[in-house]
Amino acid sequence: MKKKVLFVCLGNICRSPLAEALFMKHVKERGLADKYMADSCGTESYHIGEQPDARSRANARENGLEYSHAARHLREEDYKEFDLIIPMDSSNQQFIEQHNSDKDAAVRLMRNYDTGYEGHDVPDPYYSGEEGFQNVFEILDRSTGALLDQLEE
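On a predicted model such as this, the values are computed, not experimentally measured, just so you know.

**Student:** How should the nonpolar core be read in this particular structure?
**Tutor:** Note that soluble globular proteins tend to have their nonpolar side chains buried in a common cluster. Of all hydrophobic cores here, the largest spans 28 residues; its most connected members are Phe7, Phe23 and Met110. Formed by 10 residues, the second largest nonpolar core is a distinct cluster that contains Val8, Phe82, Ile96 and Val107.

Dropping the structure here:
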């Protein structure tokens, strides 16, 4: 049975779909596709059905990663379906924990896997320039790789 990981941000167009794509890139590079499944969603419904932010996809493409995703909202059944829910920041973590009444899924902040930055938020690049998207790409590349390392231990 595959371990299921859900990445969560506010609108599901910048951070969480990129985290999903990077996590699955690490999974495939290590030959572990039969062991893991990932998805992403948002705590707000601003962008349901939309593709990830064009700036985020362009930055990922410059870093050798192509991905797509249709934004969706966090659902009640996600708490039962996923083994691990990874919010990008403390605000989304609070939302998730308030709605995870049965405590079915473990909830861990994304940067808890980024050595030296435990408890920090992944900044939202939506209102930033190219350097903000590159910074988020680097944070998520490190963090998702470290997450997979920990899951494999």
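Anyway, onward from the coordinates.
**Student:** I'm lost on the pairing of strand 2 (residues 36-42) in this one. Help?
**Tutor:** Within strand 2, six of the seven residues are buried, which leaves it mostly tucked inside the rest of the structure. By the bridge criterion, seven bridges tie strand 1 (residues 3-9) to strand 2 in an arrangement that is parallel. Each bridged residue has a counterpart across the sheet, and for lysine 3 the counterpart in strand 2 is tyrosine 36.

**Student:** Can you help me understand the sheet that holds strand 1 in this one?
**Tutor:** To summarise the sheet geometry, strands pair through backbone hydrogen bonds and adopt either a parallel or an antiparallel arrangement. Pairing is parallel across the open sheet formed by four strands, whose spatial order is 2-1-3-4. Both outer strands of the open sheet, strand 2 and strand 4 (106-107), are each paired with one neighbouring strand and no more. Pairing analysis gives four bridges linking strand 1 to strand 3 (residues 84-87), with the strands arranged parallel. Bridging across to strand 3, phenylalanine 7 finds its partner in isoleucine 86. The sheet strands contacting helix 1 (residues 15-29) are strand 1 and strand 2, and the helix crosses strand 2 at an angle near 170°. Seen against the sheet, helix 4 (residues 90-99) touches strand 1, strand 3 and strand 4 and runs at an angle of roughly 145° to strand 3.

Calculation notes
- Residues numbered from 1 in each chain as written.
- Predicted model: local features only at pLDDT ≥ 70, side-chain atom pairs only at ≥ 80, totals over all residues.
- Heavy atoms only, no water.
- Core = buried A, V, L, I, M, F, W, Y, C linked by side-chain atoms within 4.5 Å.
- Buried < 20%, exposed > 50% of the residue type's maximum accessible area, 1.4 Å probe, protein only.
- Helix = DSSP H or I, 4+ residues; strand = E, 2+ residues; numbered from the N terminus.
- Pairing = 2+ DSSP bridges.
- Contact = heavy atoms within 4.5 Å.
- Axes fitted to C-alpha atoms, helices over the stretch in contact; angles between N-to-C directions.

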